[in-house]
Structure formats: structure tokens, C-alpha cells
Amino acid sequence: MVEKLGTMSEVFEGYERQYCELSANLSRQCTAASALDGEQKKQKLSDINTGLDDADTLIRKMDLEARSLQPSMKASLLAKLREYKTNLNNLKSEVERVTSANVSLTARDELLESGKADTLAVSNDQKGRLLMSTERLNLSTDRIKESRRTMLETEELGVSILQDLHQQRQSLLHAHKTLHGVDDNISMSKKILSAMSRRMSRNKWIVGSLMTALVLAIIIILYFKLSH
């Protein structure tokens, strides 16, 4: 088992040596590329990008190898691998900086050449493109105006709908108040009818009592008259 771990560590160290040599070589090539221009610089940058791909491959191999080891060895190797990844990212940033500088110079040269050509004459093709661009601009302007007109019409329609809804709301509120007033009148009428009903019932009892008393008085009077 110890022999197997040692073999795996030696595999990692082999990848590590290859990466360190490749990284140092790429760093020197970046420095050299900064001093070049034209086709020589493009060829040098192409070689550097090929080297970066190889460095990426070595990083992946070291990562797989480190993760296959026991935890006691894996932690230290992964920490070392993180440093190599940072180093590789720095190399890539340097290459991007050199490449962007090269692109900027090329673009500047192209713009200067284009400017010189424009000062001599304007080709018919460029005139045609200018006319097409003008027509497209006019068409776009017309479409914008039409869209604005449609938007204004839609806005007016929305305002009209809101006004109608407001009027309907006011009508509903008025109807609600009217119904509430009717409910109050009905409630008051019910109270009056209930009071009248109670009074009628009380009057019936009073009239009944008076009639009963009167009948009793007549009976008593007749009794005394007949007995004497």
C-alpha cells in the first residue's frame, strides 16, 4: 500500500515538473511577444496559446491524480495545485493583455488605411449603403411616429374607460345610499306598525274589560230590582 502511494505521488511529481518547465517557458515567450509586432507576434501568440492548452491538460491530470490519493497526501497536493492554477490564470491574463494590444494596433492601422482611402474618394457602394441606411432610418422614424400615435390613442381610450368606470362607481354609490335610505324607512315603518299593533291590542283589552264591567253592573242592577 505504501509503495502504491509512493508511485502515485511520483506520477504527480512528474506532471508537476512538466508544468513548472512549461510555465517558465510560457512566461519567457510572453515577454518576448510583447517586443514583437506583425506576423511574428501572431505566430508567437499562437505558440503561447498552444502551450496554455498543454498547461491546462497538465493541471487536470494533477488534479485527478491528487484526488485519487489518501487524505493525508491529497490535502497538501491540492493546496499546491491551487497555486499552479493561480499561476496559470496569471499567464492567461498576460497573454490576453499582449493579444489585446496586438489587436488594438492592427485595428488602428486598419482605421488609418480606411481613413486615407475615404479622403481620396467615396465608392458607389458606400453611397448606396448610405442611402439604404438613410431609408432605413426614415422608415424607423415613421414607425416610431406611428407607434407614438397608437400609444396616444390607447392612452385616450384608457382615460375614457377610467372616466366611465368612475361615473358607474358614483352611480352605484348613489344607488347604495338610496337603498340604505329605503331600508331605514322600512325599518321605521315596521316600528310604527308594531307600536300601533301593541296599542290596538291594549285598546281591545280595555274595551273588553269595560264591556264585561258594564254587563256585570246591569246584571247586579236587575238582580236587586227583581229581588225587591
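Residues numbered from 1 in each chain as written. Predicted model: local features only at pLDDT ≥ 70, side-chain atom pairs only at ≥ 80, totals over all residues. Heavy atoms only, no water.

(A) Just the overall build of the protein chain, in detail. Counting its secondary structure elements, the protein chain contains four helices and zero strands. Among the 228 residues that make up the protein chain, the fraction classed as buried is 15%. Per element, the accessible surface of the protein chain, about 18,300 Å² overall, is 60% carbon and sulfur. (Helix = DSSP H or I, 4+ residues; strand = E, 2+ residues; numbered from the N terminus. Buried < 20%, exposed > 50% of the residue type's maximum accessible area, 1.4 Å probe, protein only. Areas by Shrake-Rupley, 256 points an atom, 1.4 Å probe, with all protein chains shown as cover.)

(B) Representation of the nonpolar core. Within the largest apolar cluster, 23 residues are counted, with the highest numbers of intra-cluster contacts made by Tyr19, Leu26, Ile48, Leu52, Ile59 and Met62. Secondary structure elements with two or more residues in this core: helix H1 (2-34), helix H2 (38-67) and helix H3 (71-120). (Core = buried A, V, L, I, M, F, W, Y, C linked by side-chain atoms within 4.5 Å.)

(C) Looking closely at the pattern of salt bridges. Across all of its chains, the model carries seven salt bridges by this definition. Among the ionic pairs, Glu39 bridges to Lys42, the shortest N-O distance being 3.9 Å. One end of the pair, Glu39, and the other, Lys42, are both in helix H2, three residues apart, so they sit about a helical turn from each other. Among the residues examined, Glu39 registers a relative accessible area of 61% and is labelled exposed. With its nearest N and O atoms 2.5 Å apart, the salt bridge here joins Arg97 to Glu94. Here Arg97 pairs with Glu94, and both are found in helix H3, just three residues apart, close to one helical turn. Three or more residues joined by partner-sharing salt bridges are found here, namely Glu146, Arg149 and Glu153. (Salt bridge = Lys/Arg side-chain N within 4 Å of Asp/Glu carboxyl O.)

(D) Inspection of the packing of aromatic side chains at higher detail. One pass over the structure, following the stated rule, counts two aromatic pairs. Where Tyr19 meets Tyr84, the ring centres are 5.2 Å apart and the plane angle is 50°; that geometry is what we call tilted. One end of the pair, Tyr19, is in helix H1; the other, Tyr84, is in helix H3, with 65 residues separating them in the sequence. On the basis of relative accessibility, which here comes to 2%, the residue Tyr19 falls in the buried class. Relative accessible area serves as the criterion here: at 13%, Tyr84 is assigned to the buried category. Each ring, one from Tyr223 and one from Phe224, has its centre 5.8 Å from the other, and the planes form 70°; the classification is edge-to-face. (Phe/Tyr/Trp six-rings, centres within 6.5 Å; stacked < 30°, edge-to-face > 60°.)

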